[in-house]
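Read off the chains here:
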Amino acid sequence: MSHRIPAIALALLVCASFAAAAFARTKPRYLPEYTASGELILPKNFHEWIYVGSPLTPNALNDGKAGFPEYHNVYMEPGSYEIYKKMKVFPEGTILFKELQLTVPGENADGSRKEPSGRGYFPGAFNGADVTVKDSKRFANTGGWGYFNFNHSEPKAPTAKVKAKEECAFCHIAGAKKDEVWTQFYRLLDY
Ligand code: HEC
C-alpha cells in the first residue's frame, strides 16, 4: 500500500504527457525579422521549408526574353503551413520564398537539352529571390502582403526594402487565386 502511487499523481502524470505530446505537434514558427529601418532580413533556412511548386517560363517561349527565365521554386515557412492546413487562411507572419533557379544551359533553340531521362529543362544555378510576407497592419496599403526582392542574381541581398504597389502587389491582387497568392499553381495550398 505504501509503495502505491496515489491515483491523483498518476492522473496528473497522464495529463502532463498528453499536453507534452500536443505541444510537440505544434511546429515552432520562424517569423519575419526586420532591420531598425524596416527592411526585411533575408529569411533563414528557407531551403528546409515546405516546397510548394516551381513555375517555369523559359526564354524560348517568351520571345527570347522572359522576365524570369528560371524555375520559380516556391517555399512556405513550415509553422505557417501547419496553421494554413487547419485554418485554410494564411496566418499573420506567413513568409513565401520564391527562389529563382536557372536552367542548365541548353543545346537546342528552345533552351532544352538532352539528359538520360529525356529532352527538357534541368535545374542549374540559383539566381536571386522574391519574397512575400503577410502582415495586415504593416502592409495595409498593398492588401496585407509586403513584397521584397533580394536580387535577381547571386548572392542574395542580406536585406530588402518593401516594394511599391505598382511594382508587385497590383499584379498579384489582379490575378492570384487566394489572398494575393497564386495558389492555382501550388497543389499543396489550393483549397
Ligand atoms: C505582372 C505580374 C506580376 C508582378 C508585377 C509580380 N509578380 Fe510575383 N508572381 C506572379 C505570378 C503569375 C506568380 C506565380 C507564377 C510564377 O511564379 O510564374 C508570382 C509568384 C510570386 C511569388 C511566389 C508566391 C505567390 O504569391 O505565388 C512571390 C514570392 C512573388 N511572386 C513576389 C513578387 C515580388 C517581390 C514582385 C515585385 C518585385 C512581384 N512578385 C511582381 C506575377 C507577378
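Provided above is the structure to which this section pertains.
Worth saying up front: this structure is predicted, and the values here are computed from it rather than measured.

(A) Highlighting the pairing of strand E8 (residues 145-149). Taking burial as the measure, the five residues of E8 include four buried ones, the bulk of the element. Two strands pair when backbone bridges link them, and strand E7 (residues 123-134) and E8 are joined in this way by five bridges, in the antiparallel orientation. Considered in E8, the bridge of Lys 134 is made with Trp 145.

(B) Inspection of unusual backbone geometry at higher detail. The residue after Glu 154, namely Pro 155, is reached through a cis peptide bond having omega 0 degrees. Mapping Pro 155 onto the fold places it in the loop between E8 and strand E9 (159-160). Backbone geometry at Asn 45 places phi at a positive 60 degrees, although glycine is not the residue there. Take Asn 45: it is sitting in the loop between strand E1 (40-41) and strand E2 (50-53).

(C) Seen up close, the site of the ligand. Close to the ligand lie 21 residues; Pro 55, Asp 130, Cys 168, Cys 171 and Trp 182 are nearest. Where the shell around the ligand is concerned, the elements lending two or more residues are strand E3 (71-76), strand E4 (95-103), E7, E8 and helix H3 (169-175). Classifying every residue of the shell around the ligand gives 12 nonpolar, five polar and four charged.

Calculation rules
- Residues numbered from 1 in each chain as written.
- Predicted model: local features only at pLDDT ≥ 70, side-chain atom pairs only at ≥ 80, totals over all residues.
- Buried ≥ 20, exposed ≤ 12 C-beta atoms within 10 Å, placed from the backbone.
- Helix = DSSP H or I, 4+ residues; strand = E, 2+ residues; numbered from the N terminus.
- Pairing = 2+ DSSP bridges.
- Near = placed C-beta within 6 Å.
- Nonpolar A, V, L, I, M, F, W, Y, C, P; charged D, E, K, R; others polar.

By themselves, these figures tell us nothing about what the structure is for.
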